[in-house]
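Tertiary structure, described
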Amino acid sequence: MTDDYLSRIGNLIRDARKHRGWTQTQLADVLGTSQSAVNRIEKGHQNLTLEMLARIGEALDSEIVSLGGGPVHLRVVGGRRLSGSIDVKSSKNAGVALLCASLLNKGRTTLRKVARIEEVNRLLEVLNSIGVRTTWLNDAGDLEIVPPEHLNLAAMDAEAARRTRSIIMFLGPLLHREDTFQLPYAGGCDLGTRTVEPHMSALRPFGLDIKATGGEYHALVNRAVTPGKPIVLTERGDTVTENAIMAAARHDGVTVIRNASSNYMVQDLCFYLDLLGVKIDGVGSTTLTVHGKPEIDVDVDYAPSEDPIEAMSLLTAAIVTGSEVTIRRAPVEFLEIELALLEEMGLDYSRSDEYLAENGRTRLVDLTTRPSNLHAPIDKIHPMPFPGLNIDNLPFFAVIAASATGQTLIHDWVYENRAIYLTDLNKLGGRVKLLDPHRVMVEGPTHWSGAEIMCPPALRPAVVTLIAMMAAKGTSVLRSVYVINRGYEELATRLNSLGAQIETFRDI
C-alpha cells in the first residue's frame, strides 16, 4: 500500500473508532495488539494486511475493507425537491425475527418480500452454516427456508453471528432442539451478562440457563423445568418478548407472558406462529397467552408487513426537503403518534383510506406530504413502548426539529449515548446542543450546508445525517455507510427515484 492509501485508511479507522466511543487502548485490546500499534495505524505509519483490515472492520462494526475494493461512501448533491410516490418495503425487524422463528418449524417456511439487507444476509449465513437451506425464489425477495433434521451448531459461522445483533433470538427456538449449545456474543461486542439478563429472566422458566463468558453465551437446558406461573418480563423489549414467545411456542402447555412488547415485529411473529398452529391470545396488548405445540411440522407461506421505521425515514426525507411525495403502504397503526406530533408541528399532509397488508392483519395507508412551515412542539419529544412514539423513530425528529422554527428538546432515554450522534448535524449547519448522553436541544430553522462526515455507527442517526445532506446546499459526502445497508435495502437508489441525487462510490 502507498503512504497516501495508508493515511486515508488510518483516518477512516480513527473516525470509526471515535464514533464508537473507543480509545486507542480499547481497540488495541480487542485486536490483541498495543496502543502504540493502533496509533501508528491511524497515522498511516503501519503496513496493513487485508486480514488485519477485516479484523479492524469487524471490531468497529464498520466496512473498513471489503472484497469490492474498500468501504462504500455516498456523495449527495443536496437542495433538491423530491416528487412522485414510493412503496414502503417489508419490515426489517419482522424479517429477522421470522428467520429465527423458522427454526421452530420442521416444515418449509416461505417468507414474501423479505428485505435484502446486510442484517438478513448475516443471519442467512449463520442459518446456512448450521445446515438450514435458504433459497431466494425471485427478484421480489421471496425466501424459502427448509431446516435440516438435525442442526450442526458446531459448524456455526461465528464471524457472521457476531455481526448481527439478532443472533440473541436463536435462544428461544434452540432451547427446544438442543440440551446444550453456544452462541457468539451478539453484534460483535462483549455485551456480557448485564445485556442478556432480560432474556435470561424470560427463558429461565423454560429451563434455560445461560453463562456469558469467553465471548460466547453458553446455554444449558433442564427439561424438568417448565413455567409454573405467568412470565413477567423485566424489560418490555422487542427481542426479549420475541424470545419468550418462541420459547412458549413449542412448550407443551399454556404460557402467559406479561409486560410484553406489542410492537410491529412482535405482532408479525404472532401472526406467523398462528399459521404454524400456535394460538396466541392478546396480540397487540401487553399480556400474551401462548398455547404451545411441542411438534410443529407445517409448510407455511407468510408475508411480513411493511416497515414503519422505513416509512418514517421516507416521510422525514419529504418533510426536510420541503417536498410533495406520496408514501404508499405505510403501516399507520405504528405511526399514529408520530403523525399526531407532526400535525401539532404544522405538517400539511393527507392520508388515504385504510387497507390491509398482505398478512391480512396490519392496517396500511398512503401518505402524501406537502411543503409545510413547521414549528417546535410545546413539550419535549420522547419515545415510549408501543403504542407510544417508536424508539427507532425518535432520531428522525432531530432533523425535523432542525427544520422547524423554535427549540425542541429530544429525550432519548432508552439508548446509552445514541443522542450524541445527533450532534453530527452541526457539521451540516445544525444547532444541536448535547445536554447529557440522553438529551439534545435542537434549534431551528437550519440553513443546511454540505460537509464530509464519517457515517455514525448507529443506524437511525446515520440515516438522519443522510437526510440532512439531502436538504443541504452543495455537495456532501457520507463515508463508510455499511451501517445503513444493514437496515435499508437500496435506500440511495430508491431516494434517487424520487429526485434525490445520491451517488455510491469507493475511494480505496
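Preceding this paragraph is the structure being described.
The written sequence of each chain sets the order in which its residues are numbered from 1. Per-residue local features of the predicted model are confined to residues with pLDDT of at least 70, and side-chain atom pairs are confined, for both listing and counting, to 80 or more; whole-chain, interface and lining totals are unaffected and use all residues. Hydrogens and waters are ignored; side-chain quantities use all the structure's heavy atoms.

**Overview of the overall build of the protein**
Counting from the N terminus, the helices are the DSSP runs of H or I reaching at least four residues and the strands are the DSSP runs of E reaching at least two. A tally of regular secondary structure across the protein gives 17 helices and 23 strands. For this measure, only C-alpha atoms enter the radius of gyration; the expected value for a globule follows 2.2 Å times N^0.38, where N is the number of residues. For 508 residues, the compact-globule estimate of 2.2 N^0.38 gives 23 Å, and the protein sits close to it at 23 Å. Overall, the protein is about 65 × 60 × 45 Å in size when its C-alpha atoms are taken along their principal axes. A 1.4 Å probe rolled over the protein chains alone gives each residue an accessible area, and that area as a share of the maximum for its type sets the label: buried under 20%, exposed over 50%, partly exposed in between. Looking at the protein as a whole, 56% of its 508 residues qualify as buried. In this count, Lys and Arg are taken as positive residues and Asp and Glu as negative ones, while His and the chain termini are left out. Charge positions come from single atoms, namely NZ of Lys, CZ of Arg, CG of Asp or CD of Glu. Positive and negative side-chain charges in the protein, numbering 52 and 62 respectively, have mean positions lying 3 Å apart.

**Side note on the sheet that holds strand E19 (residues 431-436)**
The pairing criterion for strands is at least two bridges between them, as found by DSSP. Reading across from one edge, E18-E20-E19 is the order of the 3 strands in this open sheet, with antiparallel pairing throughout. Since the sheet does not close on itself, it has two edges, and those belong to strand E18 (406-411) and E19, each with one partner. The sheet shows a mean angle of 20° between the axes of neighbouring strands, direction not considered. Pairing between E18 and strand E20 (residues 439-444): 6 bridges, direction antiparallel. Lines are fitted to the C-alpha atoms to define the axes, a helix being fitted only along its stretch in contact, and any angle between axes, read from their N-to-C directions, falls within 0 to 180 degrees.

**Observations concerning the pattern of salt bridges**
Charged atoms that come close allow side chains of opposite charge to pair. The salt bridge definition used is simple: a Lys or Arg side-chain nitrogen within 4 Å of an Asp or Glu carboxyl oxygen. All chains considered together, the criterion is met by 30 salt bridges. The closest approach of N and O atoms between Glu-119 and Arg-486, which form a salt bridge, is 3.2 Å. Note that Glu-119 is positioned in helix H6 (residues 118-129) and Arg-486 in helix H16 (residues 482-487), a separation of 367 residues in sequence. Among the ionic contacts, a cluster of salt bridges with common partners joins Arg-108, Arg-133, Glu-144 and Asp-299.

**Regarding helix H11 (residues 264-275)**
For H11, built from 12 residues, the straight-helix expectation of 16 Å at 1.5 Å per residue is met to within 8% by its first-to-last C-alpha distance of 17 Å. Listed as buried for H11 are Tyr-264, Met-265, Val-266, Gln-267, Asp-268, Leu-269, Cys-270, Phe-271, Tyr-272 and Leu-273. On its buried face, H11 is in contact with helix H5 (92-101), strand E3 (109-111), helix H10 (238-249), strand E11 (279-281), strand E13 (300-302) and helix H12 (308-320). Helix span, as expected, comes to 1.5 Å for every residue beyond the first. By the convention used here, residues are in contact when the closest approach between their heavy atoms is within 4.5 Å.

**Re helix H15 (residues 459-471)**
The terminal C-alpha atoms of H15 lie 19 Å apart, and with 13 residues this matches the ideal 18 Å at 1.5 Å per residue to within 8%. Of all 13 residues in H15, 13 are buried, a share of seventy percent or more.

**Remarks on the nonpolar core**
Grouped together as the largest cluster of nonpolar side chains are 151 residues, with contacts concentrated most on Phe-170, Leu-273, Phe-397, Trp-448 and Ile-484. Per element, the largest residue contribution to this core is 10 residues, and it comes from H15. Apart from the residues within four sequence positions on either side, Phe-397 is in contact with Met-312, Glu-338, Leu-341, Leu-342, Met-345, Ile-381, Leu-389 and Ile-410. Definition used in this section: a nonpolar core is a set of buried Ala, Val, Leu, Ile, Met, Phe, Trp, Tyr and Cys residues joined via side-chain atoms within 4.5 Å. Core analysis: the second largest hydrophobic core is formed by 17 residues, Leu-12, Leu-27, Ala-28 and Val-38 among them.

**Looking at the packing of H12 against H15**
It is the contact of H12 with H15, at a shortest axis distance of 9 Å, that shows an interaxial angle of 25°. It follows from the interaxial angle that H12 and H15 lie roughly parallel. Our pair here, H12 against H15, has a crossing hand that is right-handed. For the pair H12 and H15, contact is made by Ile-309, Ser-313, Thr-316, Ala-317 and Val-320 and by Arg-460, Val-463, Ile-467, Met-470 and Ala-471, respectively. As a working rule, the residues Ala, Val, Leu, Ile, Met, Phe, Trp, Tyr, Cys and Pro are called nonpolar, Asp, Glu, Lys and Arg charged, and the rest polar, with Gly in that last group. Residue composition of the contact of H12 with H15, grouped by class: 7 nonpolar, 2 polar and 1 charged. Angles below 35 degrees are treated as roughly parallel, those above 145 as roughly antiparallel, those between 65 and 115 as roughly perpendicular, and all remaining angles as oblique. Left-handed describes a crossing whose near helix is turned anticlockwise from the far helix through less than a right angle; right-handed describes the clockwise counterpart.

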